[in-house]
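Structure assessment
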Amino acid sequence: MNTFTLLQLSGGLALLTVGASALVRGSASLARRAGISPLVVGVTLVAFLTSAPEVSVSVLGAISGQDDIAASNVIGSNIFNVLFVLGLCALIRPLSVAQQLVFREVPIMIGVSVLLWLFAANGKLSALEGAVFLAGLALFTYDTVRSSRREALAIQSEYDAGIPAVSRSVLADAAYVAVGLAMLVAGGGWLVDASVAIAQAAGVDETTIGLTIVAAGTSLPEVATSLTATLRGERDIAVGNIVGSGVFNILGIAGLAAIVSPGGLAFPESVVAFDLPLMVAVAVACLPVVAGDHRISRPVGALFLFAYAAYVAYLVLAAQSHQSLEPFSWLMLEFAVPLTVAGIVAYLYRRIRARRTGEDAEPLAAR
């Protein structure tokens, strides 16, 4: 791997991050200038636009025939967003969610994750199935906007304070949008080219690169948005951004990539056998948000981070066909995974029981 590839990789990531920020700022300002409520802007526009780097990379990858990167980027981003981003946010400050829309979106994220798994079971997401996903995205967006009108005033105020304000000039907003889109296209192309070069130089497949480096890199806007919201105490935004982006990644990005890719979007056999089921399991792991007292505690956040570290370690060992892969896989299947599942189940049981008995299982200082 030469210096040019490293520069291309870092430049692509920088363009994607800055471009997404500019696109969100300009689009949110234009939407608020048009009289759209801050809550609608936050739960739809901002949540979707933080996934703009994933759109750029997956669509450009599909058009150029790099289906492995296009497909693995969607799956890897969803796994990264929940396990790493939500885990890190919960570790910094336990995530207590009051936003009713999130309670509705988590089951939807689980449902569309299962649907993607079923559609891709034959190794390909067809153009027709992609069109079904895009239609589902339109329906989801419409229902989200309609449901947002019934959201509590406190949540609306939280979004009002947490999204970009209206700027002084319409031309400035339009410039932000135009520059942001141009940077996303350029950054996406650079990142795809650099990822292919890195995979060839390192002797690993493009799928592994897409599930790790590309997925984490294109998720930087979600990292920035959710961490900032968590530190400000706007925990509804932190969780809503991740869940909304997860739904958009599947319905919008996978759907569009399947339509523009010649012959449909191909999914590697290893992804269908392991990473897709894991993505479904990770979506199910968000159930603490909608059960009990709607909170993700620090211990659960730590479990999420541990699970992501173990997942990346598995991918690296598998890519290198390392001799320790077999014992590591055994350790994960026989010990770590059951322990993680047991921990989440125990947490849910404790929280539901505490809620029914009127007790508080965690001190107020931990909230």
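Basis of the calculations
By convention here, each chain's residues receive numbers from 1 onward along its written sequence. Thresholds applied to this predicted model are a pLDDT of at least 70 for local features of residues and 80 or more for the giving and counting of side-chain atom pairs; totals over whole chains, interfaces and linings are not thresholded and use all residues. To obtain the side-chain values, all non-hydrogen atoms of the structure were used and water was disregarded. Numbering of helices and strands runs from the N terminus, with a helix taken as a DSSP run of H or I at least four residues long and a strand as a DSSP run of E at least two residues long. When a residue's accessible area, from a 1.4 Å probe over protein chains only, is under 20% of the maximum for its type it is buried; when over 50% it is exposed; and in between it is partly exposed. Note on areas: Shrake-Rupley with a 1.4 Å probe; residue coverage comes only from the protein chains shown. Each nonpolar core is a collection of buried residues, namely Ala, Val, Leu, Ile, Met, Phe, Trp, Tyr and Cys, held together in the definition by side-chain atoms within 4.5 Å. Ring pairs shown here join Phe, Tyr and Trp side chains whose ring centres sit within 6.5 Å, with only the six-membered ring taken for Trp; geometry is labelled stacked below 30 degrees between planes, edge-to-face above 60, and tilted in between. Of the two site types, the cavity is a set of points on a 1 Å grid over the protein atoms alone where a 1.4 Å probe fits but cannot get out, and the pocket is an open set with protein on both sides within 12 Å along at least five of seven lines, each lined by residues with an atom within 4 Å of a point. Grid points are joined across faces, edges and corners, and a volume is the space filled by probe spheres set on the points. Helix span, as expected, comes to 1.5 Å for every residue beyond the first. In this description, a line fitted to the C-alpha atoms serves as the axis of each element, helices being fitted only across the stretch in contact, and the angle between N-to-C directions of two axes falls anywhere from 0 to 180 degrees. Put simply, angles under 35 degrees are roughly parallel, angles over 145 are roughly antiparallel, angles from 65 to 115 are roughly perpendicular, and the rest are oblique. By definition, any crossing whose near helix is turned counterclockwise from its far helix by less than a right angle is left-handed, and any crossing with a clockwise turn is right-handed. Only heavy atoms enter the contact rule, under which two residues are in contact if any of them lie within 4.5 Å. Under the scheme applied, nonpolar residues are Ala, Val, Leu, Ile, Met, Phe, Trp, Tyr, Cys and Pro; charged residues are Asp, Glu, Lys and Arg; polar residues are all the others, including Gly. The term salt bridge refers to a side-chain nitrogen of Lys or Arg lying within 4 Å of a carboxyl oxygen of Asp or Glu. On a scale of 0 to 100, pLDDT captures the predictor's confidence in every residue. For this analysis, a polar contact is any N or O atom pair within 3.5 Å, provided that within protein one partner can donate a hydrogen and the other can accept it, and provided that sequence-adjacent residues contribute only side-chain to side-chain pairs. Any residue with relative accessible area above 30% and no salt bridge may belong to a patch, with like charges joined within 9 Å and the nonpolar Val, Leu, Ile, Met, Phe, Trp and Tyr side chains within 5 Å.

1. Looking at the overall build of the protein chain
Each helix and strand counted, the protein chain has 14 helices and 4 strands in total. Taken over 367 residues, the protein chain has a buried fraction of 53%. With an accessible surface of roughly 15,300 Å², the protein chain has 67% of that area assigned to carbon and sulfur atoms.

2. Let's talk about the nonpolar core
Among the nonpolar cores identified, the biggest contains 60 residues, and Leu-86, Leu-125, Leu-265, Phe-267 and Leu-276 are the most heavily contacted of them. Counting only elements with at least two residues in this core, the list comes to helix H2 (38–49), helix H4 (67–92), helix H5 (100–119), helix H6 (127–148), helix H10 (220–231), helix H11 (235–260), helix H12 (269–284) and helix H13 (298–319). For this core, the leading source of residues is H4, giving 12 residues. Counting 24 residues, the second largest nonpolar core, distinct from the first, contains Ala-20, Leu-23, Val-57 and Ile-209.

3. Structural notes on the packing of aromatic side chains
Each aromatic ring pair is summarised here by two numbers: the centre-to-centre distance and the angle between the ring planes. Enumeration over the complete set of coordinates arrives at 9 aromatic pairs. Grouped by ring-pair contacts, the aromatic residues Phe-80, Phe-84, Phe-274, Tyr-308, Tyr-311 and Tyr-314 constitute a single cluster.

4. Side note on empty space enclosed by the protein
The tally for this structure, following the rule as stated, stands at 1 cavity of 30 Å³ or more. The space that makes up the largest cavity amounts to roughly 60 Å³. Gly-42, Val-43, Val-46, Ala-47, Gln-99, Glu-105, Tyr-159, Thr-225, Ile-237, Gly-240 and Asn-241 are the residues that line the largest cavity. Those elements that place two or more of their residues in the lining of the largest cavity are H2 and H11. When residues of the lining of the largest cavity are assigned to their parent elements, the largest contribution, 4 residues, is made by H2.

5. Observations concerning H13
Taking 1.5 Å per residue as the helical rise, H13 with its 22 residues ought to reach 32 Å, and the 32 Å between its terminal C-alpha atoms agrees with that figure. Of the positions making up H13, those classed as buried are Val-300, Gly-301, Phe-304, Leu-305, Tyr-308, Ala-310, Tyr-311, Leu-315 and Leu-317.

6. Focus on the packing of H2 against H11
Across the interface, H2 lies against H11 with an axial gap of 8 Å and an inter-helix angle of 65°. Between H2 and H11, the angle falls in the class roughly perpendicular. H11 is crossed by H2, and the crossing has right-handed handedness. Residue-level contacts link Val-46, Ala-47 and Phe-48 of H2 to Asn-241, Gly-244, Ser-245 and Phe-248 of H11. Of the residues belonging to the contact of H2 with H11, the class tally is 4 nonpolar, 3 polar and no charged.

7. Description of the pattern of salt bridges
Counted according to the given criterion, the structure contains 4 salt bridges. Measuring nitrogen to oxygen at the nearest pair gives 4.0 Å for the salt bridge that ties Glu-105 to Arg-104. Each of the two residues, Glu-105 as well as Arg-104, counts as buried. A salt bridge links Arg-146 to Asp-143; its shortest N-O distance comes to 2.3 Å.

8. Quick look at the confidence of the model for the protein chain
Residues of the protein chain with pLDDT of at least 70 account for 84%, and the chain-wide mean is 81. In this model residues 360–367 is a low-confidence stretch, pLDDT under 50, and it forms 16 contacts with partners more than four residues away in sequence or in other chains.

9. What about the environment of Ser-58?
Looking at the element boundaries, Ser-58 is found in helix H3 (residues 52–63). Between the alpha carbons of Ser-58 and Ser-72 there is a distance of 8.7 Å; along the sequence they are 14 residues apart. At a separation of 3.0 Å, a polar atom in the side chain of Ser-58 contacts the side chain of Asn-73.

10. What to know about the side chain of Ser-29
Topologically, Ser-29 is positioned in helix H1 (residues 3–33). With relative accessibility at 1%, the residue Ser-29 sits in the buried group. Separated by 2.9 Å, the side chains of Ser-29 and Asp-173 make a polar contact.

11. Considerations on a nonpolar patch on the surface
The grouping of Ile-63, Leu-256, Ile-259 and Val-260 at the surface amounts to a nonpolar patch, some 290 Å² of accessible area in total. Considering every element that reaches the nonpolar patch, the biggest residue donor is H11, with 3 residues. On the secondary structure map, Leu-256 appears in helix H11.

12. With respect to the packing of H4 against helix H9 (residues 206–218)
One can describe the packing of H4 onto H9 by two numbers: an axis separation of 7 Å at closest approach and a directional angle of 50°. Classed by the angle they form, the pair H4 and H9 counts as oblique. At the point where H4 passes H9, the crossing takes the right-handed sense. Between H4, through Asp-68, Ile-69, Ser-72, Asn-73, Ile-75, Gly-76, Ser-77 and Phe-80, and H9, the contact on the second element is made entirely by Glu-206, Thr-207, Gly-210, Leu-211, Val-214, Ala-215, Ala-216 and Thr-218. Residues belonging to the contact of H4 with H9 are distributed by class as follows: 7 nonpolar, 7 polar and 2 charged.

13. Here's the deal with the side chain of Thr-144
As for its position among the elements, Thr-144 is in helix H6. Of note is the side chain of Thr-144, whose polar atom sits 2.9 Å from the side chain of Arg-104.

14. Observations regarding H3
With 12 residues, H3 extends 16 Å between its outermost C-alpha atoms, agreeing within 8% with the 16 Å of an ideal straight helix rising 1.5 Å per residue. Counting buried positions over the 12 residues of H3 gives 9, a clear majority of the element. When H3 is considered as a whole, its buried residues turn out to be Ala-52, Pro-53, Glu-54, Ser-56, Val-57, Ser-58, Val-59, Gly-61 and Ala-62. Positive phi appears at Gly-65, one or two residues downstream of H3, with a value of about 85°.

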